[in-house]
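Survey of secondary and tertiary structure
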Amino acid sequence: MTSELPTTVFPASARPELGVRVSVDAPADAEGAWIIARDRVPKARISESVATVARHFTGVRTVSQIAQELGEPWTSDDVGGVARRLADAGLLRTDAQRGEGDRQLDRGSRWRFQPPLTVQFSIGDPARLFAALRPITRVAVEAPGAVVFLAIVLAGFVVGLLSTDDIVGVLDHPVPLPVVIGLSVAIVLTTVVHELGHGAVLSHFGGSPRRIGAMLFYLAPAFFCDVTDGWRLGRRGRRVAVALAGPAVHLLCAAASIVLARFFTDPMLHAALVLYGLSCLMITVLNLLPFVQLDGYLALMSALDHPHLRRHAMNAAGETLAAMLFGTMKADRTAVGGSGSTRRGWLVAYGVTCRLFPVVLVGLVLYRSSSMVAGLGVVPAIAYLLTVALVIAVAAAALIRGVRAVHDRRPDAGRAAVSLGAIIAVAGAILFLVPIQPAHQVGFAADGEGVRLVASTSAELPAVGTAVTLESNGIVLRHPLGSATVGSGSAEHDDGVDLAALVPVSASGLTTPAWTRGLTEVETAETLPPYGRATFSDSRATNIAVWLWQAFLARPVAALGSEHR
C-alpha cells in the first residue's frame, strides 16, 4: 500500500470505520514506516498521509467531514479513495461487524491456522517480559557481547574439526533413553530462548513483540514469537538482526556444547553434549533456509525490503506455470512486487522452490516416522495415519484452490486439455512404469542362541534365502558389520523383544511385540552388538507407486492388525 490514491471512491456521506481489531501503528524510529495491522499483525506499510486519514476512520464522521477537518489538499474524493482501498483489503468494519458491537473487540482468538501446515496458540502479551530483558539484551547486542559470541562460535568450529572421529562414533551408536529424554527437554528450552532472542532484539531496537506461544510447524512442535512489528523499524539491518537473533542463540548453544563435550569423559554425558550441539547446529541450518516462513526467510525478506516476498514469489510461479501450460491470462507484474523481467525471473524460480521445499520437508518427516511408529504399537500408528490424512487433506485443498485460480484466469480450453492429459500421462508413467528395486530395513538381535531378524509385522521379514547386510543401529549413521542369509525356519511371534531392536534407542527393560526369523551363514569381522539393523533388497523390481505405499503406509496400517498388539 502506498500514498497513491485510487480513483474509486466512497460516497461523501459514508462514515468509514476501521475494522474489528484493526489499528494504525506509528513508526518505531525516525526512519521507520507506518503500519496498518489486524489482530496486532501488520498487513501493509502505508505512508504517513494515508495513516493520518485512516486514523480518522472512527465511524463518527462522514467522508466529507473528514476532508474538511484535514483541510487542503485533501478532498472528499481523496478521503473516499483511501477508504475504498482499505475496504478492498478487508480493513474497514462491515455492517455485520457493527451489529456484533464490542463483543468482537474482546474475542481475539488465541488459535491461528497458517496454510499449509502451521497452527499457532498465543500465550499472551509479552511486552512486560521483554521490557525486563532489555538490560541483558543491551549487553548481548553491543560490542562486548558480539566479541564473546564470535569467540565461542570459533572455538566450537575448531573443536568440532578436531573431534570429527569422536562425533562420528556418537552418531554411529544407539542413544540411551535418559539421553533422549534429557535432549528433548534441552531442545525445547533452547527453542524458548531462541524465540525470546527474536523478541528481545526487536524490543531493544524500539519495536514491540506482538504475540508469543507454541505451534505445530509442518507437523513438528515448536514455539514462536511474532516480530512482524519489525516492519516499523526503518533500517533494514535492524530487521535482519531481529530475524537472525534466534538462529544466533542455537548457534551459540551448539558451539558451547561441542566445546564442553571435549572435557567430559562420562559416556552418557559426553554423548548428550555432542548430540545437543549437533541438534542445535541442525536447527540453525534449517532455520536459515529461506524457503519456508522461518528466520532465514524473514532475514531475506527484510534485507530485500520486500514484504510478503514468499507469497508474491509463489503467486508469480503459479501464474507463469499456468500461462505456459494452460494459456491463462497474465496478471500485471506489479501484482507480484513491481519487479522487472530479470527480477521476475528469480522471483519465479524462488517461488517454485518455495512450493516444492515444504513437500520435501513433510515427506522426509513422514518417511522417517513411518517405520518407527509401527514398532511402537497401535496408538502411535493411528496418530501417524491421522497425520497422513491431514497432509492429504491440506494438499487436496491446495489443489482445489489452484484449479479455481486457473479457471478464474480464463485458460485456453484446447491447450489446457492437452497439458492436463500430458501431466496425467507423465505422472502415471513415473508412478507405474519406472522400475525401482528398493532396499528394506528391519532390526536384528544377537545373543548366545544366534542372530535373528526382528520386525514389527511378519510381512516385513524377507523370504527364506534372502541375503542381508548387518549394520550398526546408530541414531544417524550406520556402518557395515557383516552379512547373513535368511534361514529356512518360519517367522515366530515374540511378545517381549527389546525395543532397541527396532529403534536406535537403548532402553533396558522396554520391550515390544514383534516377529522374528533366524539367520544362517553369519559372517562378521567384529563381534556383533546385541541389536542392530539389517538391510536387504527385493528380488523383483517394483514401481514407485508400490514403493510409496510400502514406505509411508504399509507398516503403520499393518501395525493396526492382530499381528501387533
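Everything numeric in this text was worked out from a predicted model, so none of it was measured.

With that settled, consider the sheet that holds strand β5 (residues 118-124). In spatial order, the strands read β4-β5-β7-β8; together these four strands make up an open sheet with antiparallel pairing. The open sheet has two edge strands, β4 (111-114) and β8 (220-226), and neither has a second partner. Strand-to-strand, the axes of this sheet are offset by a mean angle of 25 degrees, without reference to chain direction. Bridging between β5 and strand β7 (residues 211-217) involves six bridges; their strand directions are antiparallel. Considered in β7, the bridge of Phe121 is made with Ala214. Contacts from helix α8 (residues 177-204) reach β7 and β8, with the element oriented near 20 degrees to β8.

What follows covers the packing of aromatic side chains. Counting across every chain of the model gives seven aromatic pairs. Centroid distance Trp111 to Phe121: 4.8 Å. Interplanar angle 50 degrees. Geometry classified as tilted. Within this pair, whereas Trp111 is found in strand β4, its partner Phe121 is found in strand β5, the two being separated by 10 residues in sequence. On the basis of relative accessible area, Trp111 is assigned to the exposed category, the value being 56%. Residue Phe121 is classed as partly exposed on the basis of its relative accessible area of 30%. Relative to Phe552, the ring of Trp547 lies with its centre 6.2 Å away and its plane at 90 degrees, an arrangement referred to as edge-to-face. Look at Trp547 and you get partly exposed, because its relative accessible area is 26%. Taken together, the ring pairs in this structure connect Phe291, Trp346, Tyr350 and Phe357 into an aromatic cluster.

What follows deals with unusual backbone geometry. For residues that are not glycine, phi is negative in most cases, and the peptide bond is trans in most cases. Note the cis peptide between Glu72 and Pro73, where omega equals 10 degrees. Within the fold, Pro73 resides in the loop between α2 (63-70) and α3 (76-88). With phi around 55 degrees, Asp305 is a residue other than glycine that occupies positive phi space. Within the element layout of this structure, Asp305 appears in the loop between α11 (295-304) and α12 (309-326). For Asp305, a relative accessible area of 26% translates into the label partly exposed.

Quick look at the packing of α2 against α3 now. Two numbers describe how α2 lies on α3: the axes approach to 8 Å, and their chain directions differ by 115 degrees. Pair α2 / α3 crosses with right-handed handedness. Taking contact as the criterion, the partners of Val63, Ser64, Ile66, Ala67 and Leu70 in α2 are, on α3, Ser76, Val79 and Gly80. Partitioned by chemical class, the residues of the contact of α2 with α3 number five nonpolar, three polar and no charged.

On to helix α9 (residues 236-261), then. Taking 1.5 Å per residue, 26 residues should reach 38 Å; α9 reaches 38 Å between its end C-alpha atoms and fits that length. Maximum bend of α9: about 40 degrees, positioned at Leu244, with proline Pro247 one to four residues after it.

Under the counting rule described, the total for this entry stands at 11 salt bridges. The residue Asp305 makes a salt bridge to Arg45 at a minimum N-O spacing of 2.8 Å. Here Asp305, found in the loop between α11 and α12, pairs with Arg45, found in strand β3 (residues 41-46); they are 260 residues apart in sequence, far enough to count as distant. You can call Arg45 partly exposed: its relative accessible area is 23%.

It is worth spelling out a nonpolar patch on the surface at this point. The grouping of Trp111, Phe113, Val119, Phe121, Ile123 and Leu216 at the surface amounts to a nonpolar patch, some 600 Å² of accessible area in total. Broken down by secondary-structure element, the contributors of at least two residues to the nonpolar patch are β4 and β5. Looking at the nonpolar patch, the element that brings in the most residues is β5, giving three residues. Position of Ile123 among the secondary structure elements: in strand β5. A residue is classified by how much of its surface remains accessible, and Ile123, at 54% relative accessible area, is exposed.

Across the sheet, three strands lie side by side as β1-β2-β3; this open sheet has antiparallel pairing. Two strands in the sheet have a free side with no partner beyond their single neighbour: β1 (22-25) and β3. With strand direction ignored, the average angle separating the axes of adjacent strands in the sheet is 25 degrees. Where β1 lies against strand β2 (residues 34-38), four bridges are found, and the strand directions are antiparallel. What sits directly across from Val24, in β2, is Ile36.

The subject of this paragraph is the nonpolar core. The nonpolar side chains of a soluble globular protein tend to be buried with one another. Counting 24 residues, the largest nonpolar core has Leu18, Val24, Ile36, Phe57, Val79 and Leu86 as the members making the most contacts within it. Where this core is concerned, the elements lending two or more residues are β1, β2, β3, α1 (48-54), α2 and α3. The contact partners of Ile36, leaving out residues within four places of it in the chain, are Leu18, Val22, Ser23, Val24, Pro42, Lys43, Ala44, Ile46, Leu86 and Leu91.

About the criteria used
Residues numbered from 1 in each chain as written. Predicted model: local features only at pLDDT ≥ 70, side-chain atom pairs only at ≥ 80, totals over all residues. Heavy atoms only, no water. Pairing = 2+ DSSP bridges. Helix = DSSP H or I, 4+ residues; strand = E, 2+ residues; numbered from the N terminus. Axes fitted to C-alpha atoms, helices over the stretch in contact; angles between N-to-C directions. Contact = heavy atoms within 4.5 Å. Phe/Tyr/Trp six-rings, centres within 6.5 Å; stacked < 30°, edge-to-face > 60°. Buried < 20%, exposed > 50% of the residue type's maximum accessible area, 1.4 Å probe, protein only. Left-handed = near helix turned anticlockwise from the far one by under 90°. Nonpolar A, V, L, I, M, F, W, Y, C, P; charged D, E, K, R; others polar. Expected span 1.5 Å × (residues − 1). Bend = angle between axes of the 7 residues up to and from the residue. Salt bridge = Lys/Arg side-chain N within 4 Å of Asp/Glu carboxyl O. Patch = residues over 30% accessible without salt bridge, like charges linked within 9 Å, V, L, I, M, F, W, Y side chains within 5 Å. Areas by Shrake-Rupley, 256 points an atom, 1.4 Å probe, with all protein chains shown as cover. Core = buried A, V, L, I, M, F, W, Y, C linked by side-chain atoms within 4.5 Å.

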